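Spelled out from the first residue to the last, the chains are:
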Amino acid sequence: MLLSWNTTNQCNLYCDHCYRDAGARIEDELNTAEAKKLINEVVKAGFRIMIFSGGEPLLRPDLLELVAYAAAHGLRPVLGSNGTLITTDLARDLKRAGARAIGISLDSCDPGRHDRLRQKAGAWKEALAGMEACREAGLPFQVHTTVFEWNQDELERITDLAVELGAAAHHFFFLVPTGRAASIEMESLRAEAYETTLKRILQKQQQVNIELKPTCAPQFMRIAREMGLPVRYSRGCLAGIAYCIISPRGDVQPCAYLNLPVGNVREKPFNRIWEESEIFLALRSENYSGGCGRCGYKKICGGCRARAWYYHGDYLAEEPWCLFQGRKGMQVG
């Protein structure tokens, strides 16, 4: 099980697709003592991986202390960053503190495309410099790419660049319209392109030695099975089942893109929220409606619950961009 904590809303970039609408630091973010209490409760709930994200987590002054605390309590601390602030010294400090890996965003092989999305000239160059700093420090890193209509044609080239740079993995985050991304909903892939792109990623996996992992596209589990390809994962959508996210103020929600708070860690211990939330229990029931409810792949896919919420107002509704919906009712033995 893995949990993502948005350590701060503060960020040095202002990306068009940010689900957190990050930028300025907000009042009442969890302080150091509250963060350590949260870490204790995360361990008690049985989680093994804790993602320190943001905003930009490297802007949080006590980050190294909290990473070390998480590692000392048996968690595997990893980070999600835009990469622009990473120096070799900082990467070494993170590794010494116990950080096991860091995900760095890279959305194009074209610096101009990446910089426009991130709204900062030079962001592409700085992200690559951050990757090089991690490589020099011996801190494993992976590349994170958000998939849009405008960059779908270059995903394999970004994978090749990730391999060249020494990345351990390349993860693809399919755009979900929440936060600032709601204003660019038209740039997300529709059913046929969604399906074709997932097939391309799975085919590319057969050609490279690093892990390629689609995220927010749980249909990759079904497609891999149809293609006869092995995957090391057991399920596509993990929201509320083996994953959740916590905001800078302590609000808990099923995933980064399903903006549906189920409790606050200042008011109730996280482990109790995880065990008792009615929304989490509903997600674990797999009692989906529409095509997802009838689909024989629902236990390994689950459909994107965040897209169901955005397009239908029902987090248990069918996935709107799944091409398999054209075969509703088909069961899998």
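Quick caveat: nothing in here was measured; it's all calculated off a predicted structure. (Residues numbered from 1 in each chain as written. Predicted model: local features only at pLDDT ≥ 70, side-chain atom pairs only at ≥ 80, totals over all residues. Heavy atoms only, no water.)

**Examining the side chain of Thr159**
Working step 1: Structurally, the position occupied by Thr159 is in helix α6 (residues 155-165).
Working step 2: Under the relative-accessibility criterion, Thr159 is labelled buried at 0%.
Working step 3: With residues up to four places along the chain from it excluded, the contact list for Thr159 reads His170, Phe172, Lys204, Val208 and Leu212. (Helix = DSSP H or I, 4+ residues; strand = E, 2+ residues; numbered from the N terminus. Buried < 20%, exposed > 50% of the residue type's maximum accessible area, 1.4 Å probe, protein only. Contact = heavy atoms within 4.5 Å.)

**Digging into the nonpolar core**
Burial of nonpolar side chains together is a common tendency in soluble globular proteins.
Working step 1: By size, the foremost hydrophobic cluster in this structure holds 95 residues, and its most contacted members are Leu3, Trp5, Leu38, Phe52, Phe141, Phe174 and Phe270.
Working step 2: At 7 residues, helix α5 (residues 123-137) tops the list of elements feeding residues into this core. (Core = buried A, V, L, I, M, F, W, Y, C linked by side-chain atoms within 4.5 Å.)

**What to know about the sheet that holds strand β3 (residues 76-81)**
Working step 1: The strand order across the open sheet formed by 10 strands is β7-β6-β5-β4-β3-β2-β1-β8-β9-β10, and the pairing between neighbours is mixed. The open sheet has two free edges, formed respectively by β7 (211-215) and β10 (263-264), since each of these has just one partner strand.
Working step 2: Looking at chain direction, strand β1 (residues 2-6) and strand β2 (residues 49-53) are connected through 5 bridges and run parallel. Directly across from Ser4, in β2, lies its bridge partner Ile51.
Working step 3: Sheet strands in contact with α6 are β5 (141-147), β6 (169-174) and β7, and its direction is about 165° off that of β5.
Working step 4: Across the sheet, helix α7 (residues 191-205) touches β6 and β7, and the angle it forms with β7 is around 160°. (Pairing = 2+ DSSP bridges. Axes fitted to C-alpha atoms, helices over the stretch in contact; angles between N-to-C directions.)

**Here we look at empty space enclosed by the protein**
Working step 1: Evaluation of the coordinates by the stated rule reveals 2 cavities of 30 Å³ or more.
Working step 2: In this structure, the second largest cavity occupies an estimated 50 Å³ of space.
Working step 3: Every residue lining the second largest cavity is listed: Val147, Phe174, Leu175, Ser188, Leu189, Tyr194, Arg307 and Trp321.
Working step 4: Considering only residue class, the lining of the second largest cavity consists of 6 nonpolar, 1 polar and 1 charged. (1 Å grid on protein atoms, 1.4 Å probe; cavity = no way out; pocket = protein on both sides within 12 Å on 5 of 7 lines; lining within 4 Å. Points joined across faces, edges and corners; volume = space filled by probe spheres on them. Nonpolar A, V, L, I, M, F, W, Y, C, P; charged D, E, K, R; others polar.)

**Notes on the confidence of the model for the protein**
Working step 1: For the protein, per-residue confidence averages 95 on the pLDDT scale, and 97% of positions sit at 70 or higher.
Working step 2: In the model, residues 328-333 has pLDDT below 50 throughout and makes 13 contacts with residues more than four positions away in sequence or in other chains. (pLDDT = per-residue confidence, 0-100.)

**Quick notes on the pairing of β3**
Working step 1: By the criterion of burial, β3 is predominantly enclosed, with 5 of the 6 residues buried.
Working step 2: Two strands pair when backbone bridges link them, and β2 and β3 are joined in this way by 4 bridges, in the parallel orientation. Bridge pairing in β3 links Phe52 to Leu79.
Working step 3: In the classification by handedness, the crossover that spans β2, the intervening helix α2 (residues 63-72) and the parallel β3 is right-handed.
Working step 4: Two strands pair when backbone bridges link them, and β3 and strand β4 (residues 101-105) are joined in this way by 4 bridges, in the parallel orientation. Bridge assignment links Val78 to a residue of β4, and that residue is Ala101.
Working step 5: For the crossover from β3 across helix α3 (residues 88-97) to β4, the handedness is right-handed. (Right-handed = clockwise from strand over helix to strand, strands pointing away.)

**Here's the deal with the pairing of strand β8 (residues 243-246)**
Working step 1: Burial along β8 is two-sided: Tyr243 and Ile245 facing one way and Cys244 and Ile246 facing the other are all buried.
Working step 2: Two strands pair when backbone bridges link them, and β1 and β8 are joined in this way by 4 bridges, in the parallel orientation. Paired with Leu3 across the bridge in β8 is Cys244.
Working step 3: The antiparallel hairpin formed by β8 and strand β9 (residues 251-253) contains 4 residues in its connecting segment, where Gly250 sits at a positive phi of about 100°.

**Quick notes on the side chain of Gln152**
Working step 1: Note that Gln152 resides in the loop between β5 and α6.
Working step 2: Beyond its immediate stretch of four places on either side in the chain, Gln152 contacts Leu189, Ala193, Thr197 and Arg200.

**A few points about unusual backbone geometry**
Working step 1: Between Gly54 and Gly55 the backbone carries a cis peptide bond, its omega angle lying at 10°.
Working step 2: On the secondary structure map, Gly55 appears in the loop between β2 and α2.
Working step 3: The phi dihedral of Cys216 is positive, around 60°, even though this residue is not glycine.
Working step 4: With respect to the helices and strands, the residue Cys216 is situated in the loop between β7 and α8 (220-227).

**A few points about the packing of aromatic side chains**
Between two aromatic rings, the relevant description is the distance of the centres plus the angle of the planes.
Working step 1: Taken as a whole and assessed by the stated rule, the structure comprises 13 aromatic pairs.
Working step 2: Considering the side-chain rings of Phe148 and Trp150, the 4.9 Å spacing of their centres and the 15° angle between planes classify their relative orientation as stacked.
Working step 3: The class of Phe148 is buried, set by a relative accessible area of 0%.
Working step 4: Between the aromatic rings of Tyr310 and Tyr311, the centroid separation amounts to 4.8 Å while the plane-to-plane angle is 85°, which identifies the pairing as edge-to-face.
Working step 5: Of the aromatic side chains, those joined through ring pairs into one cluster are Phe47, Phe270, Trp274 and Phe280.
Working step 6: Sitting over the face of the ring of Tyr233, Lys213 holds its NZ or CZ atom 5.0 Å from the ring centroid.
Working step 7: It is Arg284 that lies over the ring of Trp274; its NZ or CZ is 4.4 Å from the centre. (Phe/Tyr/Trp six-rings, centres within 6.5 Å; stacked < 30°, edge-to-face > 60°. Lys NZ or Arg CZ within 6 Å of the ring centre and 35° of its normal.)

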